[in-house]
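Next come the chains, spelled out residue by residue.
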Amino acid sequence: GIQVEQSPPDLILQEGANSTLRCNFSDSVNNLQWFHQNPWGQLINLFYIPSGTKQNGRLSATTVATERYSLLYISSSQTTDSGVYFCAVGHNAGNMLTFGGGTRLMVKP
Amino acid sequence: NAGVTQTPKFQVLKTGQSMTLQCAQDMNHEYMSWYRQDPGMGLRLIHYSVGAGITDQGEVPNGYNVSRSTTEDFPLRLLSAAPSQTSVYFCASSFQTGYGYTFGSGTRLTVV
């Protein structure tokens, strides 16, 4: 099956810093989503982005499908950004996703 | 509009017991799926459904059954619980291909 690798596995930032999270995948995809899992375990959909660039406030994402990677940018980080960020990809009609291992982010005040 | 509702939130089972994890959505989503998340890991797909009456296996289906008799509900049944099934279970739904997922809040299951 398709492989999804995320880097870095762990990241510690000071509040106000910027960061880039990377997601590499091993095959062509027609579905790519970024999720944030907060410290209470809730999974929140950040972006549906199989290609191109999207922005939502301090977060933006870019997927270069031809080169099989996606980037999630977090600007002016806040303590509430802490948690685990997952990239998930799919390549079939059922919209099913394969998840990467996640990037665990801690933002210190 | 409640989104995706999972019950119970917590459950402890003895080895060999059976139970059903409930998942319901009120967004008229066609696609529903069950994932499990083990400590420090990403999510793995157990079973999924692309519409009422249609289900299929995911990556880790052994020991679980599903059915989809209505668009709204997608229960997950543990047939004979084992300690290896200790995990957090998430239900998700999406409108169709090309739309993002909405996740439920999860069920934390411990099998002793």
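Structural notes, computed from the coordinates.

Thresholds applied
Residues numbered from 1 in each chain as written. Chains lettered and ligands numbered in written order. Predicted model: local features only at pLDDT ≥ 70, side-chain atom pairs only at ≥ 80, totals over all residues. Heavy atoms only, no water. Helix = DSSP H or I, 4+ residues; strand = E, 2+ residues; numbered from the N terminus. Rg over C-alpha atoms; globule rule 2.2 N^0.38 Å. Buried < 20%, exposed > 50% of the residue type's maximum accessible area, 1.4 Å probe, protein only. Areas by Shrake-Rupley, 256 points an atom, 1.4 Å probe, with all protein chains shown as cover. Lys, Arg positive; Asp, Glu negative; His and termini not counted. Charge placed at Lys NZ, Arg CZ, Asp CG, Glu CD. Contact = heavy atoms within 4.5 Å. Buried area = accessible area lost by both parts, 1.4 Å probe. Salt bridge = Lys/Arg side-chain N within 4 Å of Asp/Glu carboxyl O. Polar contact = N/O pair within 3.5 Å; in protein donor to acceptor, adjacent residues only side chain to side chain. Nonpolar A, V, L, I, M, F, W, Y, C, P; charged D, E, K, R; others polar. Pairing = 2+ DSSP bridges. Axes fitted to C-alpha atoms, helices over the stretch in contact; angles between N-to-C directions. Disulfide = S-S within 2.5 Å.

### Examining the overall build of chain A
Along the backbone of chain A there are zero helices and eleven strands. Secondary structure elements in chain A, listed N-terminal to C-terminal, are β-β-β-β-β-β-β-β-β-β-β. Its C-alpha atoms give chain A a radius of gyration of 13 Å, near enough to 13 Å, the size a compact globule of 109 residues would have. Principal axes of the C-alpha set define a box for chain A whose edges measure 40 × 25 × 20 Å. Considering chain A as a whole, with its 109 residues, one finds that 50% of them fall into the buried category. Looking at chain A as shown, the accessible area adds up to about 5,100 Å², and 49% of this sits on carbon and sulfur atoms. Taking the average location of the 6 positive side-chain charges in chain A and that of its 6 negative ones, the two points are 3 Å from each other.

### Section: the interface of chain B and chain A
With 21 residues of chain B in contact, the opposing surface of chain A contributes 17 residues. Summing both partners gives a buried area of about 1,500 Å² for chain B against chain A, and 58% of it is carried by carbon and sulfur. Taken together, the connections running from chain B to chain A amount to zero salt bridges. At the boundary of chain B with chain A, the tally comes to four residue pairs in polar contact (both at pLDDT 80 or more). Class assignment for the residues of the side of chain B that touches chain A results in eleven nonpolar, ten polar and no charged.

### Considering the pairing of strand E11 (residues 103–108) of chain A
Residues and elements named next belong to chain A. Here E11 shows one buried face, formed by Thr103, Leu105 and Val107, and one open face, formed by Arg104, Met106 and Lys108. Relative to E11, strand E2 (residues 10–14) is paired through five bridges, and the arrangement is parallel. Pairing of glutamine 14 across the sheet is with lysine 108, part of E11. Where strand E9 (residues 83–90) lies against E11, three bridges are found, and the strand directions are antiparallel. Residue pairing for E11: glycine 83 is matched across the bridge by leucine 105.

### Quick look at the sheet that holds strand E6 (residues 52–56) of chain A
Hydrogen bonding along the main chain pairs the strands of a sheet, whether they run parallel or antiparallel. Residue and element names in this part refer to chain A. One open sheet holds the five strands; their spatial order is E1-E3-E8-E7-E6, and the pairing between them is antiparallel. Edge positions in the sheet fall to strand E1 (4–7) and E6, since each of these pairs with one other strand and no more. Neighbour to neighbour, the strand axes of the sheet diverge by 15 degrees on average, direction disregarded. Relative to strand E3 (residues 19–25), E1 runs antiparallel, the two sharing four bridges. Bridging from a neighbouring strand, valine 4 pairs with phenylalanine 25 of E3.

### Side note on the side chain of B:Gln6
Residues and elements named next belong to chain B. With respect to the secondary-structure elements, glutamine 6 resides in strand E1 (residues 4–7). Looking at glutamine 6, its side chain comes within polar contact range of the main-chain oxygen of tyrosine 89, at 3.0 Å. Within the structure, glutamine 6 has its side chain in polar contact with the backbone nitrogen of glycine 106 (distance 3.1 Å). Not counting chain neighbours up to four residues away, the residues in contact with glutamine 6 comprise Gln22, Trp34, Tyr89, Phe90, Cys91, Gly104, Ser105, Gly106 and Thr107.

### A word on the state of the cysteines
Residue and element names in this part refer to chain A. Considering all chains together, one arrives at two disulfides over all chains under this definition. At a sulfur-sulfur separation of 2.0 Å, the disulfide partner of cysteine 23 is cysteine 87. Its S-S torsion of approximately -60 degrees makes the covalent link between cysteine 23 and cysteine 87 left-handed. Taken together, the residues cysteine 23 in strand E3 and cysteine 87 in strand E9 connect sequence positions 64 residues apart. Just as cysteine 23 is buried, cysteine 87 falls in that class too.

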